Amino acid sequence: MAFFAMLRRPDWLEKTRMNRNELNAVALAMVGNGKGILAADESTPTIGKRFATINTESTEASRQRYREMLFTTPGIADYIGGVILFDETLRQSTSDGVPFAKYLDDLGIIPGIKVDTGAKPLAGFPGETVTEGLDGLRDRLTEYYELGARFAKWRAVINIGADIPSDFCMQANGRALARYAALCQEANIVPIVEPEVLMDGDHSIARCEEVTDAALDALFSALAEHKVVLEGIILKPNMVISGSVAADRAGPAEVAAATLRCLQAHVPANVPGIAFLSGGQTAEEATEHLDIMNKTGDLPWELSFSYGRALQAPALDAWQGQEDNFAAGQAALFKRAKFNSLAHAGSFDTAMESATV
Ligand code: 13P
């Protein structure tokens, strides 16, 4: 599927009217057919922190080489339908000089772009944030489209604490997500809408469910108010899960059941795809949870993955910033991508973790 070829059609560059069918086709190409999304859109400070864990300096060249390792993994296109890029990466090329966006598109992997500018303190609401990046977004989307991006990502961050989140915080973030999504659809770009309820804290799974319920409620009300076409979005939610330092953490079956209950209560059937973030789960947990949910079957949407750390952490660890480990890093990514694709189909088995791929 050569979405990149659309770049060269002048009518595409002039078009500002949203196109429901095309948005829906892109969304399904990202998460249909057992595929999922590789989130490789770490900002420069964030990738710097990741590289620091393997004692690797973060330079434009090292970031290019690392992303090249991920994207050129042999066979990856069987499992990955979209890759989220950071601004710098969208402007970079393979070592052979092929722009990453074109390289991915030629493989049938849709390039996307992170467009928010980060979660900032919400004035008057201590401990809460609102995500920024709406100013100038229309023009940035036009440029990103020309550079080959066919979907975008915006991440809202909801913190759980003693007296938070407030309803106001969830509404402010829901409205920002909806304004972003409407602008994306106007530019013929599929918006990934990500209202992330953080796992940080000692809260129970029941508290996570209550907050995720409220965050999704605020989001879908705002999407409706802003006339966002649900057939042309991907929802990227957190799973409903115990806080990372909770005393008694819920097991996989409970996480899967609570997450599905929450999604079924809030996500209309015309949303084509839901692709989870991993949010601090281990790579193995993120795969197992997704698999259990898909094993229940009969879901109205594609239930897939858009993992950052749960796909990349094993690859980063195998690579260690060393050229000699390039193929080992690719093998580690391949394994996680394949396992998550199996989990998308509900065909994974935890025994596979110890078998060679
Ligand atoms: P994680 O899977 O590491 O949570 O990252 C996904 C992502 O893109 C967050 O915006």
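Preceding this section is the structure that the text describes.
Throughout this document, residue positions are counted from 1 along each chain, in the order its sequence is written. Where local features are concerned, this predicted model is filtered to residues with pLDDT of at least 70; where side-chain atom pairs are given and counted, the filter is 80 or more; whole-chain, interface and lining totals use all residues. Neither water nor hydrogens contribute to the side-chain values; these are computed over all heavy atoms in the structure.

J.: What is the right way to look at the overall build of the protein in this model?
T.: Only DSSP runs of H or I reaching four residues or more are called helices, and only runs of E reaching two or more are called strands; each is numbered from the N terminus. Counting its regular elements, the protein contains 13 helices and 10 strands. Taken over the C-alpha trace, the protein has a radius of gyration of 19 Å; the compact-globule value for 357 residues is 21 Å, and the two agree within 12%. Overall, the protein is about 50 × 50 × 40 Å in size when its C-alpha atoms are taken along their principal axes. Categorising residues by exposure relies on relative accessible area from a 1.4 Å probe, with only protein chains included: less than 20% of the type maximum marks a residue as buried, more than 50% marks it as exposed, and the intermediate range marks it as partly exposed. The proportion of buried residues among the 357 residues of the protein is 56%. We compute the radius of gyration from the C-alpha atoms alone; for a globule the expected value is 2.2 Å times N to the 0.38, where N is the number of residues.

J.: Whenever I open this one, the environment of Gly 48 confuses me. Can you help?
T.: Tracing the backbone shows Gly 48 in helix H3 (residues 44–52). For the pair formed by Gly 48 and Arg 63, sequence separation is 15 residues and the distance between their alpha carbons is 8.9 Å.

J.: Looking at this model, I keep getting lost on the site of the ligand. Mind explaining?
T.: With respect to spatial proximity, 13 residues lie near the ligand, and among them Lys 153, Lys 236, Ser 278, Gly 279 and Arg 309 are the closest. Measuring from an oxygen atom of the ligand, one finds a side-chain N or O atom of Arg 309 at 2.7 Å. Method for areas: the Shrake-Rupley scheme with a 1.4 Å probe, in which residue coverage is limited to the protein chains shown. Considered on its own, the ligand offers 300 Å² of accessible surface; in the complex 91% of this is hidden by protein. Elements that contribute at least two residues to the shell around the ligand include exactly strand E6 (151–158) and strand E10 (302–307). Grouping the amino acids of the shell around the ligand by side-chain chemistry returns 3 nonpolar, 4 polar and 6 charged. Nearness is judged by heavy atoms alone; a residue qualifies as near a molecule or strand once a single heavy atom is within 4 Å of it. We define a polar contact as two N or O atoms separated by no more than 3.5 Å, with the added condition that, inside protein, one atom must be a possible hydrogen donor and the other a possible acceptor, whereas residues neighbouring each other in sequence contribute only through side-chain atom pairs. When residues are sorted by character, Ala, Val, Leu, Ile, Met, Phe, Trp, Tyr, Cys and Pro go into the nonpolar class, Asp, Glu, Lys and Arg into the charged class, and all the rest, Gly among them, into the polar class.

J.: Hey, could you run me through helix H12 (residues 309–319) in this one?
T.: At 3.6 residues per turn, the α-helix brings residues three or four places apart onto the same side. When H12 is considered as a whole, its buried residues turn out to be Ala 310, Leu 311, Gln 312, Ala 315, Leu 316 and Trp 319. Just downstream of H12 lies Gln 320, where phi reads positive at about 55°.

J.: Teacher, can you tell me more about the sheet that holds strand E1 (residues 36–40) here?
T.: The pairing of strands in a sheet comes from backbone hydrogen bonds and takes either a parallel or an antiparallel form. Taken in spatial order, the 8 strands close into a barrel running E1-E2-E3-E6-E7-E8-E9-E10, and their pairing is parallel. Strand pairing is defined by DSSP finding a minimum of two bridges between the two strands. Relative to strand E8 (residues 234–235), strand E7 (residues 190–197) is paired through 2 bridges, and the arrangement is parallel. Bridge pairing in E8 places Ile 192 opposite Ile 234. We call two residues contacting when some pair of their heavy atoms lies within 4.5 Å. Each axis is a line fitted through C-alpha atoms, taken for helices only over the stretch in contact, and angles between the N-to-C directions span 0 to 180 degrees. Contacting E1, strand E2 (80–85), strand E3 (110–114), E6, E7, E8, strand E9 (273–276) and E10, helix H2 (residues 20–31) crosses the sheet at an angle of about 55° to E7.

J.: Please clarify how the packing of aromatic side chains should be interpreted in this entry.
T.: The geometry of an aromatic ring pair is captured by the separation of the ring centres together with the interplanar angle, meaning the angle of the planes. Each Phe, Tyr or Trp ring, with Trp reduced to its six-membered ring, pairs with another whose centre is within 6.5 Å; inter-plane angles below 30 degrees give stacked pairs, above 60 give edge-to-face pairs, and intermediate values give tilted ones. Evaluated as defined, the whole model comprises 9 aromatic pairs. With a centroid separation of 5.2 Å and an interplanar angle of 50°, the aromatic rings of Phe 339 and Phe 348 are classed as tilted. Each of the two residues, Phe 339 as well as Phe 348, counts as buried. Positioned over the ring face of Tyr 145 is Arg 150, at 3.6 Å from the centre of the ring. Geometrically, a charge over a ring is one whose NZ (Lys) or CZ (Arg) sits within 6 Å of the ring centre while staying within 35 degrees of the ring normal.

J.: Looking at this model, I keep getting lost on the side chain of Glu 194. Mind explaining?
T.: Residue placement: Glu 194 occurs in strand E7. Glu 194 sits in the buried class, given a relative accessible area of 2%. When near neighbours in sequence (up to four residues on either side) are disregarded, Glu 194 contacts Lys 153, Trp 154, Arg 155, Ala 156, Leu 177, Lys 236 and Leu 277.

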